[in-house]
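Chains, contacts and geometry: an overview
One letter stands for each residue in the lines below.
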Amino acid sequence: MGCVAERRSQVGFTFSQLIDIIIYNTTTLHFLSCTLLLTESEARDCLREGLTVGCQDGDNQCAEDQWTLKENRNAFSRILFRPRILIDVSRIDLSTTVLGYKISMPIMIAPSAMQKMAHPEGEYATARAASAAGTIMTLSSWATSSVEEVASTGPGIRFFQLYVYKDRNVVAQLVRRAERAGFKAIALTVDTPRLGRREADIKNRFTLPPHLTLKNFEGLDLGKMDESNDSGLASYVAGQIDQSLSWKDVKWLQSITTMPILVKGVVTAEDTRIAIQAGAAGIIVSNHGARQLDYVPATISCLEEVVKAAQGRVPVFLDGGVRRGTDVFKALALGASGIFIGRPVLWSLAAEGEAGVRKVLQMLRDEFELTMALSGCCSLKEITRNHIVTEWDKHYPVARL
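First, a word on scope: everything that follows refers to the structure included in this document. Quantities reported herein were computed from a predicted structural model and do not represent experimental measurements.

Some points on the pattern of salt bridges
Enumeration over the complete set of coordinates arrives at 17 salt bridges. Notably, a salt bridge pairs Asp319 with Lys264, separated by 3.6 Å at the nearest N-O pair. Of this pair, Asp319 sits in strand S10 (residues 316–319) while Lys264 is found in strand S8 (residues 261–266), placing the two residues 55 residues apart along the sequence. Owing to a relative accessible area of 9%, Asp319 belongs among the buried residues under this scheme. Residue Lys264 is classed as buried on the basis of its relative accessible area, which comes to 6%. Of the charged contacts, one joins Arg385 and Glu304 as a salt bridge, the two residues approaching to 2.7 Å between their closest N and O atoms.

Notes on the environment of Thr96
Summarising the element assignment, Thr96 is placed in strand S2 (residues 96–98). In this structure, the C-alpha to C-alpha distance between Thr96 and Ser337, residues 241 residues apart in sequence, is 8.5 Å. Aside from chain neighbours lying at most four places away, what touches Thr96 is Tyr101, Lys102, Ile103, Met105, Pro106, Ser337 and Leu380.

Things to note about the nonpolar core
Counting residues in each nonpolar core, the largest one holds 85 residues, and the members touching the most others are Leu162, Ile300 and Phe368. Of the residues forming this core, the biggest block, 10 residues, is contributed by helix H15 (residues 343–375). Not counting residues up to four positions away in its chain, the partners in contact with Phe368 are Leu94, Pro106, Ile107, Gly325, Val328, Phe329, Leu332, Leu380 and Ile383. In terms of nonpolar packing, the next biggest core, distinct from the first, is built from 13 residues, Met108, Leu262, Ile284 and Phe317 among them.

Some details on the layout of surface pockets
There is about 550 Å³ of room inside the largest pocket. Surrounding the largest pocket, 28 residues form its lining, Val190, Asp191, Thr192, Pro193 and Gly265 being those nearest its centre. Of all elements in the fold, only strand S7 (185–189), helix H11 (247–256) and S8 reach the threshold of two or more residues within the lining of the largest pocket. Along the lines of polarity and charge, the residues of the lining of the largest pocket split into 14 nonpolar, 10 polar and 4 charged.

As for the packing of aromatic side chains
In total, this model carries 6 aromatic pairs according to the counting rule given. With centroids separated by 5.5 Å and ring planes inclined at 75°, the aromatic side chains of Phe81 and Phe329 adopt a geometry described as edge-to-face. Highlighted residues: Phe81 in strand S1 (residues 80–81) and Phe329 in helix H14 (residues 325–333), separated in sequence by 248 residues. When the centroid spacing of 5.9 Å and the interplanar angle of 75° are considered together, the rings of Phe317 and Phe340 count as edge-to-face. Separated by 23 residues along the polypeptide, Phe317 in strand S10 and Phe340 in strand S11 (residues 338–341) bring together distant segments of the chain. In this structure, Lys330 packs its charged tip against the face of Phe81, placed 5.3 Å from the ring centre.

Describing the pairing of strand S9 (residues 282–285)
Side chains Gly282 and Ile284 project from S9 onto one buried face, and the interleaved Ile283 and Val285 project onto a second face that is buried too. For the segment spanning S8, helix H12 (residues 269–277) and S9, crossover handedness is right-handed. Of the strand pairs in this sheet, S9 and S10 are connected by 3 bridges, and their pairing is parallel. By the bridge assignment for S10, Val285 is matched with Leu318.

Digging into helix H6 (residues 122–133)
For H6, spanning 12 residues, the distance from its first C-alpha to its last is 17 Å, which sits close to the expected 16 Å at 1.5 Å a residue. For H6, the complete set of buried residues consists of Gly122, Glu123, Ala125, Thr126, Ala127, Ala129 and Ala130. Following H6 by one or two positions, Gly134 has its phi on the positive side, about 70°.

Scoring rules and cut-offs
Per chain, residues are indexed from 1 in the order of the written sequence. Side-chain atom pairs in this predicted model are given and counted only at pLDDT of 80 or more, local residue features only at pLDDT of at least 70, and totals for whole chains, interfaces and linings cover all residues. The basis for every side-chain value is the complete set of heavy atoms in the structure, and neither hydrogens nor water enter the calculation. Salt-bridge detection follows one rule: a side-chain nitrogen of Lys or Arg within 4 Å of a carboxyl oxygen of Asp or Glu. The way it works is that DSSP assigns letters per residue, a run of H or I at least four long becomes a helix, a run of E at least two long becomes a strand, and they are numbered from the N terminus. Working definition: with a 1.4 Å probe on protein chains only, accessible area under 20% of the residue-type maximum means buried, over 50% means exposed, and in between means partly exposed. In what follows, residue pairs with any heavy atoms lying within 4.5 Å of each other are defined as contacts. Side-chain atoms within 4.5 Å are what join buried Ala, Val, Leu, Ile, Met, Phe, Trp, Tyr and Cys residues into a set we call a nonpolar core. Detection works on a 1 Å grid of protein atoms alone, calling trapped sets that fit a 1.4 Å probe cavities and calling open sets with protein on both sides within 12 Å along at least five of seven lines pockets, with lining residues defined by an atom within 4 Å of a point. Grid points are joined across faces, edges and corners, and a volume is the space filled by probe spheres set on the points. Nonpolar residues are Ala, Val, Leu, Ile, Met, Phe, Trp, Tyr, Cys and Pro. Charged residues are Asp, Glu, Lys and Arg, and all others, Gly as well, are polar. Here a Phe, Tyr or Trp ring, Trp counted by its six-membered ring, pairs with any other such ring whose centre lies within 6.5 Å, and the pair is stacked when the planes are under 30 degrees apart, edge-to-face when over 60, and tilted otherwise. Here, a charge over a ring is recorded when the distance from Lys NZ or Arg CZ to the ring centre is within 6 Å and its angle to the ring normal is within 35 degrees. Looking down the strands as they point away from you, a crossover is right-handed if its path from the first strand over the helix to the second goes clockwise. One requirement defines pairing of two strands: DSSP has to find at least two bridges between them. The span one expects for a helix is its residue count, reduced by one, times 1.5 Å.

Functional significance is not addressed by these values, which are geometric in nature.
This is the structure in structure tokens:
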């Protein structure tokens, strides 16, 4: 990417401003780092140089009208702060514990498939960056690096995201491989009995480039993500993923592994209560990055309902829409035990590989720490519901020009 190397600068941008100067809001699009200053045409040239058309439309892989995609971000902007003052914030502790594992901050990496489409080192780079930051990486079932390969990058706390295939022997084998490789928990995706209608995928006839494979399934007779008249991914999911998946399968998973199971894709109180009854060790509030059912609420809008239903019996995490440290604070104020980020990791991975992922984690950490200080909080336990006001609160202030 010559145009990037030639225009290095010390001019700084906030994370949101960087995203604003990206030509398309795409999953694996270049997250232009805070050391870059590019004109719009240079940015466009870099994007075309570095990414395929399928990647450039990545964020548009969201479902249908993409209302939920926009709402995942917009809903955060409608939550306002109630900061406290004259509190000693000279020392701030961001550390927390997730499922018994201590991490440096409540900012973790969500599962994102096929990361070598963004950068040649793919999941290797993400794993190393997460370990360096002292936080958790979640590896996708559909990674372009296997569980063993990711484990070989060195020590780190890692979770494994699981899709349940029709062939339960394949699932059992994969879970046991993850456990042997040192993964600490399963994030069971439950919102994908079928793939949502991702119209950019259909337009681009999305499939994996020929030099890449879904490494965790290499050598198994499961078919390939071949070219299709619409989306190769949608055809693959229709052929492989078990549409009969139900709560009894959560019990079955517990019978084949000692790893705790987080249920990922919960957005209602009803399903929260059932998940806990089924033995879930935690809940991840997620709408799959707005890629499944359009017009579901933003995850931040669902969070408090889920937290209240959980009643403190299991931790609740937020996945979706987080772009700033202020977003992290808002999620914790609504009861989340931590948050997961997906697209920001892929943007930064595409831009600068491992260094980019390290940078985005540090940026979010710094912003979150500043938000805590300016809100009068020295530790995570001091962040309370009283620090924010939401649109569903009775006395929500309305800004007037």
